[in-house]
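# Geometric and topological summary
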Amino acid sequence: MAYDYDVIIIGSGPAGFSCAIQSSKFGKKVLIVEANPENLGGSWINTGTVPSKSLREAAKLIHKFHTQFADQEKMKPYQRFKMDDILRYKRSILSEKNRKVKSDLIKHNIETARGYGRLVDGHTVEVTLQGGQSVTYTAGFVMISTGSRPGKPEQFEIDHEVVVDYRSILELTHIPRRLVIVGGGVIALEFATIFSALGTRITILSAEKGFLPFLDDEIGAELRGILQRKTIQLTTECTIEKVEKNDFRTSMEVFYRTASEPDRLQVVETDHVLHVGHKVPNSEGLGLAEIGVVLSERKTIGVDEGFRTAVPSVFAAGDVIGFPSQASASFVQGRIAACKMFDMGEDEIAANVPYGIYSIPEIAGIGLTEADAERQGLKYKVGKISYSNLTQADIGHVDDGMLKMIFDADSLRILGVHIIGEQASDLIHLGQCVMQHGGTIEYFLKNVLNYPSYGEAYRMAAFDGLSE
Ligand SMILES: Cc1cc2nc3c(=O)[nH]c(=O)nc-3n(C[C@H](O)[C@H](O)[C@H](O)COP(=O)(O)OP(=O)(O)OC[C@H]3O[C@@H](n4cnc5c(N)ncnc54)[C@H](O)[C@@H]3O)c2cc1C
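Residues numbered from 1 in each chain as written. Predicted model: local features only at pLDDT ≥ 70, side-chain atom pairs only at ≥ 80, totals over all residues.

Here the focus is the site of the ligand. Near the ligand lie 36 residues; those nearest to it are Gly11, Gly13, Gly42, Gly147 and Gly318. Where the shell around the ligand is concerned, the elements lending two or more residues are α1 (14-25), β2 (30-34), α2 (42-45), α3 (49-68), β3 (111-121) and α9 (327-341). Across the shell around the ligand, the residue classes tally to 13 nonpolar, 20 polar and 3 charged. (Near = placed C-beta within 6 Å. Helix = DSSP H or I, 4+ residues; strand = E, 2+ residues; numbered from the N terminus. Nonpolar A, V, L, I, M, F, W, Y, C, P; charged D, E, K, R; others polar.)

Written out as structure tokens, the structure reads:
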């Protein structure tokens, strides 16, 4: 049967975008259906990765300027810098990224339809256009890359002005003096350190027992020290009772209890509340169950290792399939799905995937933590170095940071790398590369590394490990 397209992709975020580009490179005819009437690029460009990283970049610049010149010391960053400047900085980046995505799609002859997509069967997509009329398209394959949205709290309402979620905080028109973050996890930490760098007093109230428990213990301890020095208040095992406006004092009050003092109702006063809840997959209204696509209890779409759903012609990738719900992974998933659809290449995601947390400072890791190695009964050693030993850190007035390598005590092969500090999200790829190629920590001693650089931390950590 002749279809209109080889593949129809619903959603133009990183999973859909990379699937589209790869399919087009295979010479396939591609249609992207996107519900956002204004911009392509999904939450990657419009409401998530790029805007939050742009805000972070601006906050880092302001913080660096503010802390390194003596005359600034007595002022808070928000007394000198305005959110307007930061929003302008962010918007110029977003509009440039939007322009680039659009021109990439045009360059690759990828067609777009603006409206809501819904599957009629495994090969047919009905698109409801902005005006309400609908058009039906057919394709050999359909890719669902509809992303996710912020989950809502049960105890209070989000008005997107005073009480915001991880999308609406990106549109705040002023730098708040006080911010309470309800929720733990990576996004909470990122916003906590971004606003702290702008001078905001931060309180994190997390329901979880530990804070980012997947981190290597020493990196976690270093992080807690950094948060303390930034005077970011972190309370774990919290239950939020209510969030109320105190009209008398024109502020908000967050009422909560902790596991250690369940009988005491505590309250913290704030200007804004940021709720960071679980991501909710955008899997409803797509006609999935009707055509046999299987959903999990949490409404994520079930796929095999090639990102194929229970319906052979339908694939899914990105946040809508759940963990890890990252743009980084979504790009790879979308591309691999295209390879599987058209049986081109036998690509698979490598077993060890790094993570990057864009807090200030950054955190990144790959492979085993020390606790993992211990639990597995491995004969391992550790090499580590504090950033305070690096000339580059001295030059940049950077005090915080640590790089740690876990390696096999006999073969010296690298088992894991964990970094907290400046450029951690880039630095991790050097360790990742040596590790994925089965290299040993001797690599960092035998090869010349640029000086001064943060990469030098690898050489010093290797020295430390071997001299143990
Ligand atoms: C604050 C924040 C910071 C982040 N930072 C990072 C980071 O630093 N690094 C990182 O790797 N990841 C980061 N992420 C995660 C990243 O943004 C997401 O994992 C990624 O964008 C998911 O990509 P996706 O392709 O699944 O969907 P999305 O990017 O969410 O795109 C989905 C698209 O589908 C469209 N759509 C939905 N339903 C329909 C429909 N029925 N018909 C047509 N179109 C539809 C939507 O309009 C949207 O444009 C961050 C996320 C947030 C919220």
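Turning next to the packing of α1 against α9. The geometry of α1 relative to α9 is characterised by a closest axis approach of 7 Å and an angle of 35° between their N-to-C directions. Here α1 runs over α9; the crossing is right-handed. Here Pro14, Ala15, Gly16, Phe17, Ser18, Cys19, Gln22 and Ser23 of α1 lie close against α9, whose contacting residues are Ala327, Ser330, Phe331, Gln333, Gly334, Arg335, Ala337, Ala338 and Cys339. Its residues assigned to classes, the contact of α1 with α9 comprises 9 nonpolar, 7 polar and 1 charged. (Axes fitted to C-alpha atoms, helices over the stretch in contact; angles between N-to-C directions. Left-handed = near helix turned anticlockwise from the far one by under 90°. Contact = placed C-beta atoms within 7 Å.)

A few words on the sheet that holds strand β17 (residues 355-357). Reading across the sheet, the 5 strands line up as β17-β18-β21-β20-β19 and stay open at both edges, with antiparallel pairing between neighbours. The open sheet has two edge strands with one neighbour each: β17 and β19 (380-386). When strand polarity is set aside, the average angle formed by the axes of neighbouring strands in this sheet is 10°. Across 3 bridges, the pairing between β17 and strand β18 (residues 363-367) is antiparallel. If you follow Gly356 over to β18, its bridge partner there is Ala364. Along the sheet, helix α14 (residues 456-466) makes contact with β19 and β20 (402-408), crossing β19 at roughly 135°. (Pairing = 2+ DSSP bridges.)

This brings us to the pairing of strand β1 (residues 5-10). Within β1, 5 of the 6 residues are buried, leaving the element largely enclosed by the surrounding structure. For β1 and β2, the ladder comprises 4 bridges, and the chain directions are parallel. Paired with Val7 across the strands is Val30, a residue of β2. The β-α-β motif built from β1, the intervening α1 and the parallel element β2 has right-handed crossover chirality. (Buried ≥ 20, exposed ≤ 12 C-beta atoms within 10 Å, placed from the backbone. Right-handed = clockwise from strand over helix to strand, strands pointing away.)

What follows covers the domain arrangement of the protein chain. According to the domain assignment, the protein chain consists of domain 1 (5-149 + 280-341), domain 2 (163-277) and domain 3 (355-466). Taking the mean C-alpha position of each, domain 1 and domain 3 sit 32 Å from one another. (Domains from an automatic or database assignment.)

Glancing now at the sheet that holds strand β12 (residues 251-258). Within the open sheet, the 3 strands sit side by side as β11-β12-β13. Their pairing is antiparallel. Either end of the sheet is taken by a strand with one partner, and the two such strands are β11 (238-246) and β13 (266-270). Neighbouring strand axes in the sheet, compared pairwise and without regard to direction, differ in orientation by 25° on average.

For the rest of this paragraph, the subject is the nonpolar core. Core analysis: the largest hydrophobic core is formed by 81 residues, its most contacted members being Ile181, Val182, Phe191, Ala192, Val254 and Leu274. A total of 8 residues in this core trace back to one element, the largest contributor, which is helix α6 (residues 185-197). Contact partners of Phe191, with chain neighbours within four places excluded, come to Ile169, Ile181 and Leu274. In terms of nonpolar packing, the next biggest core, distinct from the first, is built from 42 residues, Leu40, Leu105, Val125 and Phe315 among them. (Core = buried A, V, L, I, M, F, W, Y, C linked by C-beta atoms within 7 Å.)

A word on the packing of α3 against helix α5 (residues 83-107). Closest axis-to-axis distance for the α3/α5 pair is 9 Å, and the angle between their directions is 140°. Our classification of the angle between α3 and α5 gives oblique. Judged by the sense of rotation from one axis to the other, the crossing of α3 with α5 is right-handed. When α3 is examined against α5, the residues Val50, Pro51, Ser54, Leu55 and Ala58 are found in contact with a partner set consisting of Ile86, Tyr89, Lys90, Ile93, Leu94 and Lys97. (Parallel < 35°, antiparallel > 145°, perpendicular 65-115°, else oblique.)

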